[in-house]
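Overview (structure and organization)
Spelled out, the chains give:
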Amino acid sequence: MKTKKLTFERPIIRKISIGISSKFGTKTEFEPITHIDNIPVKELVREYGSPLFVISEKTIRETFAEAKRAFETRYPKVQFAWSYKTNYLNAVCNIFHQEGSWAEVVSGFEYEKAILNGVPGNKIIFNGPYKSESDLITAIDNGSYIHIDHFDELFTLLEIADKHKKKPKVAIRVNMDTGIYPIWDRFGFNYENGEAWEALNRIMLSKKLSLVGIHTHIGTFILSPSAYAIAASKLADLAVSLKRKFNHSIGYIDIGGGFSSKNTLKGSYLTGTDVSPSFDDFAEAITSALINSQIEPSNLPVLILETGRALIDDAGSLIGTVVANKKLSDGRNATILDIGVNILFTSFWYEHKITPAQDFSHHYENTVLYGPLCMNIDQLRESVSLPPLKKGDNVVISRIGAYNMTQWMQFITLRPRVVLISTKGDVYVIRQSETTKMINSIESVPEHLKLKK
Ligand SMILES: *Cc1c(COP(=O)(O)O)cnc(C)c1O
C-alpha cells in the first residue's frame, strides 16, 4: 500500500524579543503610550499635527542631574560641554546651558549658534577637522578653546598667533587604541605612534600657543566603560610627561562623548536597556583612571565631558500616524506611517521602540513599517511585532532625541514641528514646521527660465 506523502511546510524562524513576559508571551511593547509627560498624545496631534517631535524638558534635566551626580561624587572638578551636533535646537541647548554645560561645537555654524544662544566665548570648545581661518580668528578673539585636529591646523594657528599678536588657548585631540575597533584615527593625533606627543612638543616649544588641555573622543555608542579607562590613563600619561619635560600643568582633560544610550542597535540580541552601562559605570572607569594616574593629587585637571547621545536620546519622542495598511506580494503585512527615514535618521542603526498611542488588542502580527517617501530605502523597520493598527491610529517612537533633529533632511516632504513640554507641563513650539515658501525663499529662477503666463 502506498502511503500518502506529507506535504512539506517550510520552517518558520521567529525572533524572540526580550521583554517582560505576560500571558501572551514576551513582547517589547506591551502598554500603549497615550501620554507624554501627562499631555495626551492625541491632543498633541490635534494641536500641532503629525508627525511631531516632542521633547521633554523634565527628562533632559533628570538625565543631566543623574550624569552630573555620577561624576561629581567621584571627582573634584567636573565640567560638561553640550555637544551641539547631537541636538542643536536652541531651546534644547539652553536647557543644558542653564544646567551649567558649556558648548562643544564642531563647525563655524555651530560656533555661531552657541554665541547667539548667549554662551560666553570662554565656555565654548571648538572641535572638528575643519575650522576656517576666519572661524579660528573669531574663536581666538572670544577666548574659546580650540582643539587642534592636525598639523596643518597647528601651523595655521601659529601663523595667526604671529600675525594677530594673540596667544590662542589650545588643546590637541588625541586618537588611540582603547580596544574599540575600528579606531577613529582620522581625527586628531595618534597616541601610539608618538604623533600626539610630537604635537604637544611643537606647541610647547613654539611658545605662541597656550596649551590648556588634552582631548579625545574615542567613538560613539560605546558600550564598554573600560575603553574610557584606557583613554583616560593615556591622556593622563601625556599630562605627566608634559609636567616632567616642560614643568607645564594642563588645565583640563576632555574625555569627549560617546556613551551609549538605551537604544537597541540593529542586530543586537539584547535590548539597549539591558546592555547600556549606567553613568555610574562610565564615571567609575574614567575617574579612577585619573585618580590612580601619576598626576599629582593637588594638580588634578578639570575633567570635561562632551556627552551627547546619552543625555538627550530618552528626552525625545516622535509621534506619527498610520497612513495605510497593505499586503505585500509575499503575504507579509506592511504599514505605512507618515514618518520617513528623512526625519528619523537613526532608524538606519536602531531598532526603535515603536508603541501604539491608543489601547490595543493583545494580538500581535509581524509587519514591515514603511515611511511616506516614494523611495525604496524608506523603511523604518524590516519586521516589528505590533498589534494591528488602523489608518489614522497614532504611534510613538521613543528615544529619538539624539542626532535626528540635526541630521534630518528636507527630502520629498517638509520637516515637521518640534514641541517642548516644559517641566511645568506647558507645551511650546520650539521649531516651526517648514513651508514650501521657506524652502523657495532661498532659491531663485533666472529671468529666462521663468514660465510665461
Ligand atoms: C559628536 C561628538 C560628541 C558627542 O558624542 P555622543 O556620541 O553623542 O556622546 C562629543 N565630542 C565630539 C568631538 C564629537 O564629535
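Because the structure is a prediction, the values reported are computed rather than measured.

Analysis parameters
Residues numbered from 1 in each chain as written. Predicted model: local features only at pLDDT ≥ 70, side-chain atom pairs only at ≥ 80, totals over all residues. Heavy atoms only, no water. 1 Å grid on protein atoms, 1.4 Å probe; cavity = no way out; pocket = protein on both sides within 12 Å on 5 of 7 lines; lining within 4 Å. Points joined across faces, edges and corners; volume = space filled by probe spheres on them. Helix = DSSP H or I, 4+ residues; strand = E, 2+ residues; numbered from the N terminus. Nonpolar A, V, L, I, M, F, W, Y, C, P; charged D, E, K, R; others polar. Salt bridge = Lys/Arg side-chain N within 4 Å of Asp/Glu carboxyl O. Buried < 20%, exposed > 50% of the residue type's maximum accessible area, 1.4 Å probe, protein only. Pairing = 2+ DSSP bridges. Right-handed = clockwise from strand over helix to strand, strands pointing away. Contact = heavy atoms within 4.5 Å. Polar contact = N/O pair within 3.5 Å; in protein donor to acceptor, adjacent residues only side chain to side chain. Domains from an automatic or database assignment. Buried area = accessible area lost by both parts, 1.4 Å probe. Phe/Tyr/Trp six-rings, centres within 6.5 Å; stacked < 30°, edge-to-face > 60°. Lys NZ or Arg CZ within 6 Å of the ring centre and 35° of its normal. Arc of directions from axis to C-beta.

Looking now at empty space enclosed by the protein. A full pass over the atoms with the stated rule returns 1 cavity of 30 Å³ or more. In this structure, the largest cavity encloses a volume near 40 Å³. Every residue lining the largest cavity is listed: Arg173, Val174, Asn175, Met176, Ile183, Trp184, Thr216, His217 and Ile218. Broken down by element, the lining of the largest cavity gets its largest block of residues, 3 residues, from strand β10 (residues 169-175). In terms of residue class, the lining of the largest cavity is built from 5 nonpolar, 3 polar and 1 charged.

Before going further, it helps to examine the pattern of salt bridges. Scanning the model with the defined rule gives 20 salt bridges in all. In this structure, the salt-bridge partner of Arg61 is Glu99, at a minimum N-O distance of 2.9 Å. A residue pair is termed long-range when its members are at least 10 positions apart, and Arg61 in helix α2 (residues 57-72) and Glu99 in the loop between α3 (90-98) and β7 (102-105) qualify at 38 residues. Note that Arg74 and Asp280 form a salt bridge whose closest N and O atoms lie 2.7 Å from each other. With Arg74 in the loop between α2 and β6 (78-83) and Asp280 in helix α10 (residues 279-291), the pair connects residues that are 206 residues apart, well separated along the chain. Overall, Asp280 belongs to the partly exposed group, its relative accessible area being 22%. Salt bridges sharing common partners tie together Glu66, Arg69, Arg74, Asp280 and Glu284.

Moving on to the pairing of β7. Every second residue of β7 is oriented toward a common face, with Trp102 and Glu104 on one face and Ala103 and Val105 on the other, all of them buried. The sheet contact formed by β6 and β7 spans 3 bridges and is parallel. Looking at β7, one finds that Ser83 is bridged to Glu104. With α3 bridging β6 and the parallel β7, this β-α-β connection has right-handed handedness. Two elements, β7 and strand β8 (residues 124-126), share 3 bridges in a ladder whose sense is parallel. The residue bridging Ala103 from the neighbouring strand is Ile124, located in β8. Taking the sense of rotation as the criterion, the β-α-β connection linking β7, helix α4 (residues 108-116) and β8 turns out right-handed.

With that settled, the discussion passes to the environment of Asp177. Secondary-structure assignment places Asp177 in the loop between β10 and β11 (189-190). Note on Asp177: relative accessible area 27%, which makes it partly exposed. The spatial distance from the C-alpha of Asp177 to the C-alpha of Lys166 is 35 Å, given a sequence separation of 11 residues. Once residues lying within four places of it in the same chain are set aside, the contact partners of Asp177 are Ile183, Glu192, Ile230 and Lys234. Within the local environment of Asp177, its side chain forms a polar contact with the backbone nitrogen of Gly179, the two atoms lying 2.9 Å apart. Polar side-chain contacts of Asp177 include one of 2.8 Å to the side chain of Tyr181.

It is common to report an interface's size as the accessible area lost on association of the parts. Partitioning the chain into domains gives domain 1 (35-54 + 315-434) and domain 2 (127-307). One C-alpha centre belongs to domain 1, the other to domain 2, and the line joining them spans 37 Å. Contacts between the two partners involve 8 residues from domain 1 and, on the opposite side, 9 residues from domain 2. Carbon and sulfur atoms make up 45% of the area that domain 1 and domain 2 hide from each other, which totals about 740 Å². The largest per-residue losses of area from domain 1 upon contact with domain 2 belong to Tyr350, Glu351 and Arg399, which jointly make up 71% of the total buried on that side. On inspection of domain 1 and its partner domain 2, the count reaches 0 salt bridges. Counting every contact that joins domain 1 to domain 2 gives 4 residue pairs in polar contact (both at pLDDT 80 or more). Its residues assigned to classes, the side of domain 1 that touches domain 2 comprises 3 nonpolar, 3 polar and 2 charged.

Let us now look at the packing of aromatic side chains. By the definition in use, this model includes 20 aromatic pairs. Note on Tyr228 and Phe282: the rings are 5.5 Å apart at their centroids and 80° apart in plane angle, and the pair reads as edge-to-face. Separated by 54 residues along the polypeptide, Tyr228 in helix α8 (residues 225-246) and Phe282 in helix α10 bring together distant segments of the chain. You'll find Tyr228 and Phe282 in the same group, each marked buried. Aromatic ring contacts, followed pair by pair, group Phe64, Phe71, Phe80, Trp82, Phe96, Tyr228, Phe259, Phe279 and Phe282 into a single cluster. Over the face of the ring belonging to Phe126 we find Lys131, whose NZ or CZ atom lies 5.9 Å from the ring centre.

Residues of helix α5 (residues 133-141) that are buried: Asp135, Leu136, Ala139 and Ile140. Taken end-on, α5 shows its buried residues confined to a sector of 130°, consistent with a single buried face. Where α5 is buried, its residues contact α4, β8, β9 (145-148) and α6 (151-164). The positive-phi residue at the C-terminal boundary of α5 is Gly143, with phi of around 70°.

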